[in-house]
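The lines below spell out each chain.
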Amino acid sequence: MYNIHTKLSVPQFCINMLYYLLFSVIEMWWQMVVVCACAGIILADQTDWRIVNIDQGPVKGYRAPHGNIVFYGIPFATTPTGPNKFKPPLPPPTWNGTFEAIEKFVICPQQTSLHVSSENLIRETKDFFLNPQEDCLITNVYVPDTEETNLSVVVYFYGGAYQLGYSNIKTAIHLLNSKEIIIVDFNYRLGAHGFLCLGTEDIPGNAGMKDQVALLRWVQRNIASFGGNPNDVTITGWSAGASSVDLLMTSRIAKGLFHKVIPESGPSLSAFSVQIDPVANAKAIAKMLDFEDVDNIQALEDFYKNVELEKLYSLSFINDSDSGLLFAPCIERYLGQEMFLDESPENILKSGNYSKVPMLYGISEMEGMFRLPNFEGWKNLMNENFTEFIPCNLKFKSEEERDNVTLEIKRFYFGDEPVSEKNIMQYVQYFGDTLFIYGTARAAKIQVEAGNDQIYLYEYGYADENSDYIIHTQTRGATHCAQTNAVLDLENEENLSDDYKKMKVLMRQLWINFIKTGRPVPEGSPLTPWPPVGKNGSPFMFIDRELTLKEGFVQDRALFWDGIYEKYYREPIAPYPF
Ligand SMILES: *[C@@H]1O[C@H](CO)[C@@H](O)[C@H](O)[C@H]1NC(C)=O
């Protein structure tokens, strides 16, 4: 009854119905009949269960149709609310009785209407009865059907541009079937709630990242009770989730909480991963919400503390042309409290003073397909004013310098041609590079130079007749996070092409190898040997129907952007005192 990939089972329907009824205003006698009948069905269905003692009290999980025991909705922290809603998470509740771990619909407040319109970010959610709550810091634990203990632990961080997503929006039940790992997923605060950053006592910034650290601390305290090994924790995520786990590597307060990292399509050095100027962003957003007194920090803070969450989530920032996000992690200002990030990730990586753990690090070949829905709206704007489309983490001494560099960038991708249907492949490459690909090349290079000799770098290129066409072409490609979809569960996998089924088997094998050994192709494996990356992006694995070890990760493009960033890099700053 806890399988989220099949159609709603009767008990599932009943759970949904219960929620609906609980929250509906009108109470009628027939609804009470449905409630009672459904409660009976749910109780009768929950026959196979396990009770685990965690430091908050006993929790009871149930066997799902896929055979694994799942614990849903365990609170791992308490969300501060009201005027404290931007502060770090509080300790979780404790209980005397047994906690029924069955609530799988709690999500953090977000613009749920965006889910349906951003399919390449987030799976359709029509089967769910989502339950946004301000107190949303819950975790789900998926335990394989085995008596073995000390299993490797994998923690999933969802993507969604730091604005969308929830714990079980994608799942990895197929990885569980190996019976060799335990999986954890969870919610972290989103949008303003998680990422407004004013550098004040009440809005210090990075609440969402501190939620992530609180979850990793909860795993350290409790995962052994479920059969997991707290000394063998892999953190992984896609898109903003990848950016999150990549940032966790540089966070001083996350040191020692994990042992391997798999960021999929989202490096910490991308323009969107860290706010360039968080106070400027906070002012800009307040103005969009019709608040004018933005230069008075006290008034600005009061505005954010008192504005309704609905209003904060009425805005969307996924389509900013400069590859930035207005709500994202930030460098914090020291206020005597614990900070998630106290310096730019680039400087921390360069210093070599961070968790140099093994990484499985990479991107998809056609990441920029992510921006195809914008093409019609953007192509003319790009021809009129390309400046608006260069990454926000560049800075220039003068307008003339800016215009010259803009031209240099446009020429590199489009020559002297205007952006049009004819060179749409270049459009795809441009946004792939600026959003996800170059940041990955740059971070890998800096880490190698700083002494991390266990980075397994890859480019994922698989596409088949089920993949989308790039509009105006006869080409299909591996889009943003295509590798994530290859590893994770898809609905009706039995209907996939034979090629893609084989691809998923291969990807899951590589990922499980890495999770268990720190190497995607361990000693003695029949797969193509895969050494770690050294300088110049070599070697890296090109992953398609075959594994091909190649030289020079996106080499000419990485060199081009290295030249640009050497001269014009704009470092992110912490909030400054007003
Ligand atoms: C490295 O970072 C830690 C904090 O995580 C700090 O205590 C230590 O002094 C730093 N070491 C160096 C050599 O900078």
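Rules behind the numbers
Residues numbered from 1 in each chain as written. Predicted model: local features only at pLDDT ≥ 70, side-chain atom pairs only at ≥ 80, totals over all residues. Heavy atoms only, no water. Helix = DSSP H or I, 4+ residues; strand = E, 2+ residues; numbered from the N terminus. Buried < 20%, exposed > 50% of the residue type's maximum accessible area, 1.4 Å probe, protein only. Contact = heavy atoms within 4.5 Å. Areas by Shrake-Rupley, 256 points an atom, 1.4 Å probe, with all protein chains shown as cover. Salt bridge = Lys/Arg side-chain N within 4 Å of Asp/Glu carboxyl O. Expected span 1.5 Å × (residues − 1). Bend = angle between axes of the 7 residues up to and from the residue. Core = buried A, V, L, I, M, F, W, Y, C linked by side-chain atoms within 4.5 Å. Disulfide = S-S within 2.5 Å. Near = heavy atom within 4 Å. Polar contact = N/O pair within 3.5 Å; in protein donor to acceptor, adjacent residues only side chain to side chain. Pairing = 2+ DSSP bridges. pLDDT = per-residue confidence, 0-100. Phe/Tyr/Trp six-rings, centres within 6.5 Å; stacked < 30°, edge-to-face > 60°. Lys NZ or Arg CZ within 6 Å of the ring centre and 35° of its normal.

Now for the overall build of the protein. Of regular secondary structure, the protein possesses 17 helices and 15 strands. For the protein, with 578 residues in total, the buried portion stands at 62%. In the protein, of all internal contacts separated by at least 6 residues, the share reaching a separation of at least 24 is 76%. For the protein, the accessible surface area stands at approximately 22600 Å², while carbon and sulfur atoms represent 51% of it.

Here the structure, examined in full by the defined rule, presents 27 salt bridges. Between Arg519 and Glu523 there is a salt bridge whose closest N-O contact spans 3.4 Å. Judged by its relative accessible area of 32%, Arg519 is partly exposed. Accessibility expressed as a relative area gives 70% for Glu523, which makes it exposed. In the salt-bridge network here, residues are joined through shared partners; they are Asp48, Arg63 and Asp145.

Moving on to helix α14 (residues 424-449). Its 26 residues give α14 an end-to-end C-alpha distance of 35 Å, which sits within 8% of 38 Å, the value for a rise of 1.5 Å per residue. Of all the bends in α14, the largest measures some 60° and sits at Asp433. The buried fraction of α14 is high, at 21 of 26 residues. A positive phi of about 105° marks Gly451, the residue just after α14.

This part takes up helix α17 (residues 555-568). Since the α-helix turns once every 3.6 residues, residues separated by three or four places project in the same direction. In this model, α17 (14 residues) spans 20 Å end to end at C-alpha, consistent with the 20 Å of a helix rising 1.5 Å per residue. Listed as buried for α17 are Arg557, Ala558, Phe560, Trp561, Asp562, Ile564, Tyr565 and Tyr568. Of the surrounding elements, those touching the buried residues of α17 are α13 (399-414) and α14.

Moving on, we come to the nonpolar core. If you look at the biggest cluster of nonpolar residues, it comprises 180 residues, and the most contacted ones within it are Val155, Phe226, Phe258, Tyr304, Tyr460 and Ile543. Of the residues forming this core, the biggest block, 14 residues, is contributed by α14.

Let's shift gears to the state of the cysteines. Using the criterion set out here, one finds two disulfides in the structure. Across a sulfur-sulfur distance of 2.1 Å, Cys108 and Cys136 are joined as a disulfide pair. A torsion of 85° about the S-S bond marks the disulfide between Cys108 and Cys136 as right-handed. On the criterion of sequence distance, the pair formed by Cys108 in the loop between β5 (106-107) and α3 (113-117) and Cys136 in the loop between β6 (131-132) and β7 (138-143) is long-range, its members being 28 residues apart. The exposure classification of Cys108 matches that of Cys136, with both residues buried. The connectivity of the disulfide bonds within the protein can be written as 1-2, 3-4, using the sequence rank of each bonded cysteine.

With respect to spatial proximity, the complete set of residues near the ligand consists of Arg252, Lys255 and Asn353. Lys255 has a polar side-chain atom sitting 3.1 Å from an oxygen atom of the ligand. Between the ligand and Asn353, the relevant distance is 2.4 Å, taken from an oxygen atom to a side-chain nitrogen or oxygen of the residue.

Glancing now at the pairing of β7. When you tally the buried positions in β7, you get six out of six residues, the bulk of the element. Residue alternation in β7 divides its side chains into two sets, Ile138, Asn140 and Tyr142 and Thr139, Val141 and Val143, and both sets are buried. The pairing of strand β3 (residues 69-75) with β7 spans five bridges and is antiparallel. Bridge pairing links Val70 to Tyr142 in β7. Taken together, the four bridges between β7 and strand β9 (residues 181-186) define a ladder with antiparallel strand orientation. For Asn140, the partnering residue across the bridge sits in β9 and is Asp185.

To continue, consider unusual backbone geometry. For the peptide bond that leads from Ser538 to Pro539, omega is -15°, which places it in the cis range. Of note, Pro539 is situated in the loop between α16 (498-517) and β14 (540-543). The phi torsion at Tyr162 lies on the positive side, around 60°, for a residue other than glycine. Mapped onto the fold, Tyr162 is located in the loop between β8 (151-157) and α4 (173-176). Here Tyr162 falls in the buried class, since its relative accessible area comes to 0%.

Mean pLDDT over the protein stands at 91; residues scoring 70 or higher make up 89%. Low pLDDT, under 50, characterises residues 116-127; the predicted model gives this stretch 25 contacts beyond four residues in sequence or across chains.

Another point: the packing of aromatic side chains. Counted under the stated rule, the structure contains 40 aromatic pairs. Arranged with centres 5.8 Å apart and planes meeting at 80°, the rings of Phe370 and Phe436 form a pair that is edge-to-face. On the criterion of sequence distance, the pair formed by Phe370 in the loop between β12 (359-364) and α12 (375-384) and Phe436 in helix α14 is long-range, its members being 66 residues apart. Among the residues examined, Phe436 registers a relative accessible area of 2% and is labelled buried. Of note, Lys356 hangs over the ring of Tyr354, and the distance from its end group to the ring centre comes to 5.7 Å. Here the basic side chain of Arg442 rests over the ring of Tyr569, its NZ or CZ set 5.7 Å away from the ring centre.

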